[in-house]
2 protein chains.
Amino acid sequence: MTVHDNFYLALIHHPVYDKNGVIIASAVSNLDLHDISRAAKTYGVRAFYIVTPLEDQRRLVERIVSHWTEGAGGDYNPDRRDALELIRVAASLEDVRDEIVRNGGGVPATVVTDAKPHPRSISYDAMREMIKGEHPYLLLFGTAWGMTPEYIDQSDHVLAPIMGHSGYNHLSVRSAAAIILDRLFGRDTLDL
Amino acid sequence: MTVHDNFYLALIHHPVYDKNGVIIASAVSNLDLHDISRAAKTYGVRAFYIVTPLEDQRRLVERIVSHWTEGAGGDYNPDRRDALELIRVAASLEDVRDEIVRNGGGVPATVVTDAKPHPRSISYDAMREMIKGEHPYLLLFGTAWGMTPEYIDQSDHVLAPIMGHSGYNHLSVRSAAAIILDRLFGRDTLDL
């Protein structure tokens, strides 16, 4: 069982755009918690942060997670418990950074993922090389219609968008997170 | 805009196991329709079949799809319309095969995906090679606790399970479909 002790995910609910280009704090989606934590567990991520400044939303996440990790859900489905145990709640990216620093290894480098190309976009090959060492990395996913450019600009790195062959780039954040983890950590299993 | 004219997906709701090993027809999940059709559109799949013998479930799918393709949903979010337009409804795998045959190109070869290894498992490399020609392929995903062994045995091919590094193999079918399409058709986008 390999765990990438220095690799973290964060799902950002503010500042993101709504459909009309207004900056909002998006609502947490229960499905995001389940699907992304299961992918995080599959690929051995250390922790998965749900980041929102809204206190009621943070409490909601804590209630969902405790249902599956401590409550009836964990007895009903232990596999789900193993995944949701990776979830942490934070009010801001600064709080996430502080907690990772307390885990040791230094200040994590942040890597933004976005559906649009960016002048600083790096390839998946480049990112696989970059994360090979001991330094902690924190991969950020936006919700709703994506993170603001200012927020993206503050990130240490920007990962290239996932493009298929069709020109259509409207994957759910759940699908994007799964694909990106597989590109970074996956392998063709007959080789195992 | 590249479309893989001979590549199809099907989401199988019967015969699958429930949590207790009983064979059931599982309920259709709205999120499966949205997430998997968006991934199918991204990677240029020709059509995405929702397969269930339950007539009320087929009608439900048709109602959801028409909301997004013909109704208010399509005006609200045209990107979602473009994805859900790929969805077709079928009562059985035989009906899916018949419809694909009518599209031309012959009887599709079926490829089952499953979370468990199988004696006939082929690698992703092998499958990428296999699907390069003109012959139609139909990739089957199970729901609930997975397809029955008898159903899997009837498939022409079995694709290797997705394994991360952790030994945990409980991805959602939405995540698994996204990852598998990316393994078959994706590429590192800075190379475009």
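Residues numbered from 1 in each chain as written. Chains lettered and ligands numbered in written order. Predicted model: local features only at pLDDT ≥ 70, side-chain atom pairs only at ≥ 80, totals over all residues. Heavy atoms only, no water.

## Regarding the packing of aromatic side chains
Using the criterion set out here, one finds four aromatic pairs over all chains in the structure. Where Phe 7 of chain B meets Phe 185 of chain B, the ring centres are 4.9 Å apart and the plane angle is 85 degrees; that geometry is what we call edge-to-face. Of this pair, Phe 7 of chain B sits in strand E1 (residues 4-12) while Phe 185 of chain B sits in helix H8 (residues 173-185); the two residues are 178 residues apart in sequence, bridging distant segments of the chain. Residue class for Phe 7 of chain B comes out buried when judged on its relative accessible area of 3%. Each ring, one from Tyr 8 of chain B and one from Tyr 49 of chain B, has its centre 6.4 Å from the other, and the planes form 40 degrees; the classification is tilted. Taken together, the residues span a long stretch of sequence, with Tyr 8 of chain B in strand E1 and Tyr 49 of chain B in strand E4 (residues 45-51) at a distance of 41 residues. Among the residues examined, Tyr 8 of chain B registers a relative accessible area of 1% and is labelled buried. Above the face of the Tyr 76 of chain A ring, Lys 19 of chain B is positioned so that its terminal group lies 4.8 Å from the ring centre. Lying over the aromatic face of Tyr 124 of chain B, Arg 183 of chain B brings its terminal NZ or CZ to 4.6 Å of the ring centre. (Phe/Tyr/Trp six-rings, centres within 6.5 Å; stacked < 30°, edge-to-face > 60°. Helix = DSSP H or I, 4+ residues; strand = E, 2+ residues; numbered from the N terminus. Buried < 20%, exposed > 50% of the residue type's maximum accessible area, 1.4 Å probe, protein only. Lys NZ or Arg CZ within 6 Å of the ring centre and 35° of its normal.)

## A look at the pattern of salt bridges
Should the charged atoms of two oppositely charged side chains come close, the side chains can pair. In the structure shown here, the tally under the stated rule is 16 salt bridges over all chains. With a shortest N-O distance of 3.1 Å, Arg 59 of chain A and Glu 55 of chain A are connected by a salt bridge. With Arg 59 of chain A and Glu 55 of chain A both in helix H2 (residues 55-69) and four residues apart, this pair spans about one turn of that helix. According to the relative accessible area criterion, Glu 55 of chain A is partly exposed, its value standing at 48%. In this structure, Arg 183 of chain B and Asp 182 of chain A form a salt bridge, with 2.6 Å as the shortest nitrogen-oxygen distance. One end of the pair, Arg 183 of chain B, is in helix H8; the other, Asp 182 of chain A, is in helix H8 (residues 173-185), on a second chain. Residue classification places Arg 183 of chain B among the buried residues on the basis of a relative accessible area of 11%. (Salt bridge = Lys/Arg side-chain N within 4 Å of Asp/Glu carboxyl O.)

## Remarks on unusual backbone geometry
Residues and elements named next belong to chain A. Residues His 14 and Pro 15 are joined by a peptide bond in cis, for which omega reads -5 degrees. Within the secondary structure, Pro 15 is located in the loop between strand E1 (4-12) and strand E2 (16-17). One non-glycine residue, Ala 144, lies in positive phi territory at about 50 degrees. With respect to the helices and strands, the residue Ala 144 is situated in the loop between strand E8 (137-142) and helix H7 (149-153). According to the relative accessible area criterion, Ala 144 is partly exposed, its value standing at 46%.

## Notes on the sheet that holds strand E6 (residues 109-113) of chain B
All names here are of chain B. Pairing within the open sheet is parallel, and its seven strands lie in the order E5-E4-E1-E8-E6-E9-E7. Both edges of this open sheet fall to strand E5 (87-90) and strand E7 (121-122), since each of them pairs with a single strand only. Relative to E5, E4 is paired through four bridges, and the arrangement is parallel. Residue Phe 48 lies in a different strand from E5, and its bridge partner there is Ile 87. Taken strand by strand, helix H2 (residues 55-69) contacts E4 and E5, and its axis lies near 165 degrees from that of E5. Along the sheet, helix H5 (residues 93-102) makes contact with E1, E4, E5, E6 and strand E8 (137-142), crossing E4 at roughly 155 degrees. (Pairing = 2+ DSSP bridges. Contact = heavy atoms within 4.5 Å. Axes fitted to C-alpha atoms, helices over the stretch in contact; angles between N-to-C directions.)

These values are about where atoms sit, not about what they do.
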